[in-house]
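Examination of the molecular architecture
These are the residues of each chain, in order.
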Amino acid sequence: MNEISPTAEPAPSRRTRYSLEFKQRLVLASFAPGASIARLAREHGLNANQLFNWRYQYRKGQLGPVSPSPRLLPVDIIDATAAPASTSPTAQTASRLELTLAKGRLSIHGCPDPETLRLVLQVLTA
């Protein structure tokens, strides 16, 4: 009769331990446009379910800090009339943009600086 004594050494684990950096790299690669999770997993000797599990853990913040993904805002086009064509390539046409957000309403007239507009939207949608 075989008995297992309390001092017996445990059998070596067959599990492969992957580094946090490896998991993060593979998860980020899986988020790339057109990436195939099955192909990525196969190329790295993984089961696709394992990669799906890492993606889930990543989204929950369990694989380190989650990089913010861009959020799309709903858009309603009120007036779709075309702006008149300009004869000068550097001339800017007057424009008007109105955004209704949870934190308030934003109205922009003219041609705003793209970086400034990005920062304002980032603050208002946070």
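Residues numbered from 1 in each chain as written. Predicted model: local features only at pLDDT ≥ 70, side-chain atom pairs only at ≥ 80, totals over all residues. Heavy atoms only, no water.

1. A closer look at the overall build of the protein
Counting its secondary structure elements, the protein contains 4 helices and 2 strands. Secondary structure elements of the protein occur, N-terminal to C-terminal, as α-α-α-β-β-α. By sequence separation, contacts in the protein at least 24 residues apart represent 35% of the contacts at least 6 residues apart. Split by element, the accessible area of the protein, about 10,800 Å² in all, is 56% carbon and sulfur. (Helix = DSSP H or I, 4+ residues; strand = E, 2+ residues; numbered from the N terminus. Contact = heavy atoms within 4.5 Å. Areas by Shrake-Rupley, 256 points an atom, 1.4 Å probe, with all protein chains shown as cover.)

2. Some points on the packing of aromatic side chains
If you walk through the whole model with that rule in mind, you get 4 aromatic pairs. With 6.2 Å between their ring centres and 85° between their planes, Phe22 and Trp54 make a pair best called edge-to-face. Of this pair, Phe22 sits in helix α1 (residues 20–30) while Trp54 is found in helix α3 (residues 48–59), placing the two residues 32 residues apart along the sequence. The exposure class assigned to Phe22 is buried, which follows from its relative accessible area of 16%. When its relative accessible area of 2% is taken as the criterion, Trp54 is described as buried. Aromatic ring contacts, followed pair by pair, group Tyr18, Phe22 and Trp54 into a single cluster. (Phe/Tyr/Trp six-rings, centres within 6.5 Å; stacked < 30°, edge-to-face > 60°. Buried < 20%, exposed > 50% of the residue type's maximum accessible area, 1.4 Å probe, protein only.)

3. A few points about α1
What α1 keeps buried is the set Phe22, Lys23, Leu26, Val27 and Ser30. Buried residues in α1, looked at end-on, bunch into an arc of 125°, giving them a common side. Those residues of α1 that are exposed and angled more than 90 degrees off the buried face are Glu21 and Arg25. Here the buried face of α1 lies against α2 (37–43) and α3. (Arc of directions from axis to C-beta.)

4. Remarks on the side chain of Gln57
Checked against the element boundaries, Gln57 lands in helix α3. Excluding its chain neighbours within four sequence positions, the residues that come into contact with Gln57 are Gln62 and Leu63.

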